[in-house]
Amino acid sequence: MMGAMSGYLSLLAGAALSVTVPDHGQPALFTNPESTTRTAAERLEGDARQDALTLSRFPSATWFAGGTPDEIEKGVDRLVGLAAAENSIPVLVAYNIPERDCALYSSGGADETESYLAWIKAFSAGIANRPAIVVLEPDSLGIIPWYSSLDGSLGQCQPQGGDKNKAASNRFIQLTTAVDILSSLPNVQVYLDGTGSSWLAPGEAAHRLIQANVLKADGYFLNVSNFESDARVTAYARWISDCIALVTGRNVDPRECPSQYSPATFDDVETWRATDVAYDALFARFNLTRDPASQKRAIIDTSRNGRGSWAPKVGLHSDPEVWCNPPARGLGRRPTMETRHPYIDAFLWIKIPGESDGECFRGTSGPNDPERGINAPPAGSWFPEQARELIRYAVPPLTDSQRPKSKEGER
């Protein structure tokens, strides 16, 4: 996937950490005491260990990326049970769709639709009637096998084997059915892939989300494993929601939905107000009133976007791979469901901060990342140098109580 992730977590026995319940009485987000971050800390020493321990104190998502239906049901059941015992809400990432990541850094997934849906049913059974937030298949709508966009262009994901004439429709069958299964659970919030503000135009994202059953889901997730700033992603979240409302409420052609590319200029956030004005005009033209409370809403990954995205010097690298372990990035907004934003349900750490995106060569033959001068760990492996940067450059900064302890500190 673009900014690769950790694999299937085999949950082990252990005592759950205490969770503070906010004053308003809503359950807190779950901090997994058996997270891959905590596991990494046990293998590290010195400052690297303290960095991992620091990051492990914050609620992050738990990724499930494989296993048999029996294994996935047991793993999910254990994790959700730990969270339920604390009256907290776990964030679960289902990451096992066929043709996952289209043979890129996080390739894999179920063999075909039938086995995938059996896996999803087991995933659902593991949650049962307990609360959970489900991030359903990162990149699944950004990277679709043999899919033609609204402008008629064929995407770069063109895997060999299988029936290319059915590949795209199978992807929507898989997601639509998965949403049906998961949304039938009484206490689960389900979110589909809305990509990110540096990727699809809102009309394209809305068109794909509608085909994937977003009207039955709670909304969509943005910026997973990416670095786009809050200013960009929160605007993008609003535009996707408004575009979905226009398309489904007045049958507006999604190609009419304004974007970060037009009338705005992508690189100049100051021009993005022009896109807001263009949406105002569309709502007025079709006599439709915004209602964010009833429209689809977003969750946003802020695990690494504190300083926004990386902008290397033009021409420095033949393929900058700006999504792949960019240097000097920082932790973003801390995980919370208190957003004070009408279009956003939560700011979450979905990507596990400190885990590598993959071996980044930036257009060279490798083996080192020419930007860092080292060979980055494989996707999903712990990356001590990046973990240190994320803490150092966090925006907002970590408080003294959140910063690494001395080497004689927590074990």
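A quick note: this is a predicted structure, and the numbers were derived from the prediction, not measured. (Residues numbered from 1 in each chain as written. Predicted model: local features only at pLDDT ≥ 70, side-chain atom pairs only at ≥ 80, totals over all residues. Heavy atoms only, no water.)

## A look at the packing of aromatic side chains
This is how it is decided: Side-chain rings of Phe, Tyr and Trp (the six-membered ring for Trp) are treated as a pair once their centres are within 6.5 Å; stacked means planes under 30 degrees apart, edge-to-face means over 60, and tilted covers the remaining angles. Counting from the N terminus, the helices are DSSP H or I runs at least four residues long and the strands are E runs at least two residues long. Only protein chains enter the accessibility calculation, which uses a 1.4 Å probe. A residue is then buried if its area is under 20% of the maximum for its type, exposed if over 50%, and partly exposed in between.
Counting across every chain of the model gives 10 aromatic pairs. Ring centres of Phe58 and Trp349 lie 5.0 Å apart, and the angle between their planes is 45°; this geometry places the pair in the tilted category. Taken together, the residues Phe58 in the loop between helix H2 (46-56) and strand E1 (62-64) and Trp349 in the loop between strand E7 (344-348) and helix H9 (384-392) connect sequence positions 291 residues apart. Here Phe58 falls in the buried class, since its relative accessible area comes to 9%. Here Trp349 falls in the buried class, since its relative accessible area comes to 1%. Ring pairing ties together the aromatic residues Trp239, Tyr261, Phe266, Trp272 and Tyr279, which thus form one cluster.

## Some thoughts on the environment of Ser153
The test is simple: Counting of polar contacts relies on pairs of N or O atoms within 3.5 Å, with two restrictions inside protein: one atom must be capable of donating a hydrogen and the other of accepting it, and residues adjacent in sequence are counted only when both atoms are side-chain atoms.
Counting through the fold element by element, Ser153 comes out in the loop between strand E3 (132-136) and helix H5 (164-183). Here Ser153 falls in the partly exposed class, since its relative accessible area comes to 35%. Sequence spacing of Ser153 and Leu117 is 36 residues, and the spatial spacing of their C-alpha atoms is 29 Å. A distance of 2.6 Å separates polar atoms of two side chains, one belonging to Ser153 and the other to Asp151.

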